[in-house]
Amino acid sequence: MLDNPLIVVVLNNGGGNIFRMLPIHQHKEQYTRYFETPQQASFEHLANMHSLPYRSIKTTKQLGDLSLQTISSPGIHIVECKTNSDASMQLRNELEFYGTRRIRWKK
């Protein structure tokens, strides 16, 4: 048993999105079946199976409001943030573009 809270934050985009950066992503049928492998894992069910507190975050405000004041009991706590896989990939691309530009700009 832990003496303090341990908050595990799960960013759930449905699985496999990292592979969208590979050329195989252009071949939708093969990509979805063999690389993206969409899943419907229930982190709430997983938390319940292990008697762990679970919280679902639906907005960035809820995530920002999350703190040790709102989760104060000791032990493991599961916090799940479900994201839209397409929007998640678009944001990743934008951040990569921004980071690449910034690095070049500093040289």
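Residues numbered from 1 in each chain as written. Predicted model: local features only at pLDDT ≥ 70, side-chain atom pairs only at ≥ 80, totals over all residues. Heavy atoms only, no water.

## What about the overall build of the chain?
Put simply, the rule is: Secondary structure elements are defined from DSSP: runs of H or I of at least 4 residues count as helices, runs of E of at least 2 residues count as strands, and each element is numbered from the N terminus. Summary of the burial criterion: residues with accessible area below 20% of their type's maximum are buried, those above 50% are exposed, and those between are partly exposed, where the area comes from a 1.4 Å probe applied to protein chains only. Throughout, a contact is declared for two residues whenever any of their heavy atoms are within 4.5 Å. We get accessible surface area from the Shrake-Rupley algorithm with a probe of 1.4 Å; when it comes to residues, only the shown protein chains can shield them.
Assigned secondary structure in the chain consists of four helices and three strands. Beginning at the N terminus, the succession of helices and strands in the chain can be written as β-α-α-β-α-β-α. Buried residues in the chain amount to 19% of all 107 residues. Here the contacts in the chain between residues at least 6 apart in sequence split such that 68% fall between residues at least 24 apart. Entry remark: accessible area of the chain is about 8,400 Å², with carbon and sulfur atoms responsible for 57%.

## Looking at a nonpolar patch on the surface
The test is simple: Patches here are clusters of residues that have more than 30% relative accessible area and form no salt bridge, with a 9 Å joining cutoff for like charges and a 5 Å cutoff for nonpolar side chains (Val, Leu, Ile, Met, Phe, Trp, Tyr). Any carboxyl oxygen of Asp or Glu within 4 Å of a side-chain nitrogen of Lys or Arg constitutes a salt bridge here.
Nonpolar side chains collect at one region of the surface, where Leu2, Leu6, Val8 and Ile76 lie side by side and expose about 280 Å² of accessible area between them. Here Val8 is to be found in strand E1 (residues 5–12). A relative accessible area of 32% means that Val8 is categorised as partly exposed.

## Examining the sheet that holds strand E3 (residues 75–82)
Selection criterion: In short, DSSP must find at least two bridges between two strands for them to pair. Between N-to-C directions, angles span 0 to 180 degrees; the directions come from axes that are lines fitted to C-alpha atoms, helices contributing only their stretch in contact.
Across the sheet, three strands lie side by side as E1-E3-E2; this open sheet has parallel pairing. Lying at the two open borders of the sheet, with one neighbouring strand each, are E1 and strand E2 (54–57). Taking each pair of neighbouring strands and ignoring which way they run, the sheet shows an average axis angle of 20°. Both E2 and E3 contribute to a ladder of four bridges, which runs parallel.

## Quick word on the nonpolar core
As a reminder of what qualifies: To define a nonpolar core, start from buried Ala, Val, Leu, Ile, Met, Phe, Trp, Tyr and Cys residues and group those joined through side-chain atoms within 4.5 Å.
The biggest cluster of nonpolar side chains holds five residues, and these are Ile57, Leu66, Ile71, Val79 and Cys81. Val79 has contacts with Ile7, Val8, Val9, Val10, Arg55, Ile57, Leu66 and Ile71, leaving out every residue within four places of it along the chain.

## Notes on the pattern of salt bridges
Here the structure, examined in full by the defined rule, presents two salt bridges. Residue Asp86 pairs with Arg20 through a salt bridge whose shortest N-O separation is 2.8 Å. Taken together, the residues Asp86 in helix H4 (residues 85–106) and Arg20 in the loop between E1 and helix H1 (28–36) connect sequence positions 66 residues apart. Note on Arg20: relative accessible area 15%, which makes it buried. The salt bridge partner of Asp65 is Lys61, with a shortest N-O separation of 2.8 Å. Taken together, the residues span about one helical turn, with Asp65 and Lys61 both in helix H3 (residues 60–65) at a distance of four residues.

## Thoughts on the packing of aromatic side chains
Counted only if it meets this: Centre distance within 6.5 Å is the pairing criterion for rings of Phe, Tyr and Trp, where only the six-membered ring of Trp is used; planes under 30 degrees apart are then read as stacked, over 60 as edge-to-face, and the remainder as tilted.
Following the criterion strictly, the structure yields one aromatic pair and no others. Centre to centre, the rings of Phe19 and Phe35 are 5.9 Å apart; their planes meet at 65°, and the pair counts as edge-to-face. Taken together, the positions of Phe19 in the loop between E1 and H1 and Phe35 in helix H1 put the pair 16 residues apart, joining distant regions of the chain. The exposure class assigned to Phe19 is partly exposed, which follows from its relative accessible area of 34%.

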